[in-house]
Amino acid sequence: MNFLAHAWLARGGSDEFLWGNLIADGVKGSDLSAWPAAVAEGIRHHRRVDAYVDAHDVVAEIRRRAPDRQRRYAGIALDLVWDHFVAQELGLQTQRSPLVTRTYRLLSAQPAPARLATLVPALVEQDWLHGYADFAFTCRAIAGIGQRLSGPNRLAELVPWIEAEHTRLSHDFQRLWPEIRQALEVGEEQEGPR
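Residues numbered from 1 in each chain as written. Predicted model: local features only at pLDDT ≥ 70, side-chain atom pairs only at ≥ 80, totals over all residues. Heavy atoms only, no water.

Focus on the overall build of the protein
Of the regular secondary structure elements, the protein holds 11 helices and 0 strands. Put simply, the protein runs from its N terminus to its C terminus through helices and strands in the order α-α-α-α-α-α-α-α-α-α-α. Relative to the compact-globule value of 16 Å for 194 residues, the protein shows a C-alpha radius of gyration of 16 Å, a close match. Across its three principal axes, the protein shows a C-alpha extent of roughly 40 × 35 × 30 Å. Put simply, the protein has 194 residues, and 53% of those count as buried. Of the contacts formed within the protein by residues at least 6 apart in sequence, a portion of 72% connects residues at least 24 apart. Total accessible area on the protein stands at roughly 9,200 Å², and carbon and sulfur atoms take up 51% of it. Where the 22 positive side-chain charges of the protein centre and where its 25 negative ones centre are 4 Å apart. (Helix = DSSP H or I, 4+ residues; strand = E, 2+ residues; numbered from the N terminus. Rg over C-alpha atoms; globule rule 2.2 N^0.38 Å. Buried < 20%, exposed > 50% of the residue type's maximum accessible area, 1.4 Å probe, protein only. Contact = heavy atoms within 4.5 Å. Areas by Shrake-Rupley, 256 points an atom, 1.4 Å probe, with all protein chains shown as cover. Lys, Arg positive; Asp, Glu negative; His and termini not counted. Charge placed at Lys NZ, Arg CZ, Asp CG, Glu CD.)

Next up, the structure:
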């Protein structure tokens, strides 16, 4: 669900590559032959980023700190928290982003895969990517995603822990993000701090 972080890492690629990165969470399976080559490569890139982050020591450390009952859902919440910190780093609380504009244009140009079909229009119409710069908005988004899952809203239950851990998670992000960028960022664009 961390559209902004994936968009930032893929921004140096073509629109098709970026779109593949954006829709990858809605694509099942390893057979990507039905997708145009650049879109399929974007989907694969997104999956490499996810695998890298999930296997990172910083993320393992955070998951160990998460409350036992919600630990299984911590990864979903962290995706949105990472977007919060990326939005902060890009200064989206005070300025509009050409990358966000490009992302929304691509997401609006064609329907997202079925698994994202209801989420993507809301994301664009309600300007979630700029909204992630606000931590309270991010926490509401985490709880909202939890409503889409079956059973008790474990993501909403996790929000108080995320709020209490905000400063520590910010430090974790500062340890994690430069390594992700170095390992997986595609190309360069003149936007935001380096």
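Having seen the structure, we can now continue with the description.
Here's the deal with the packing of helix α2 (residues 15–23) against helix α6 (residues 98–109)
α6 packs onto α2 with a crossing angle of 80 degrees between their chain directions and a minimal axis gap of 10 Å. Relative to α6, α2 is oriented roughly perpendicular. Touching D15, L18, W19, L22 and I23 of α2 are R102, T103, R105, L106 and L107, all from α6. In terms of residue class, the contact of α2 with α6 is built from 6 nonpolar, 1 polar and 3 charged. (Axes fitted to C-alpha atoms, helices over the stretch in contact; angles between N-to-C directions. Parallel < 35°, antiparallel > 145°, perpendicular 65-115°, else oblique. Nonpolar A, V, L, I, M, F, W, Y, C, P; charged D, E, K, R; others polar.)

Quick word on the pattern of salt bridges
Evaluation of the coordinates by the stated rule reveals 17 salt bridges. As a salt-bridge pair, R105 and D15 come within 3.1 Å of each other at their nearest N and O atoms. Of this pair, R105 sits in helix α6 while D15 sits in helix α2, placing them 90 residues apart in sequence. A relative accessible area of 45% means that R105 is categorised as partly exposed. Notably, a salt bridge pairs R181 with E185, separated by 2.8 Å at the nearest N-O pair. A residue is classified by how much of its surface remains accessible, and R181, at 10% relative accessible area, is buried. In this structure E185 comes out as buried when scored by relative accessible area, which is 18%. Salt bridges sharing partners connect three or more residues here, namely E61, R65, E165, R168, D172 and R175. (Salt bridge = Lys/Arg side-chain N within 4 Å of Asp/Glu carboxyl O.)

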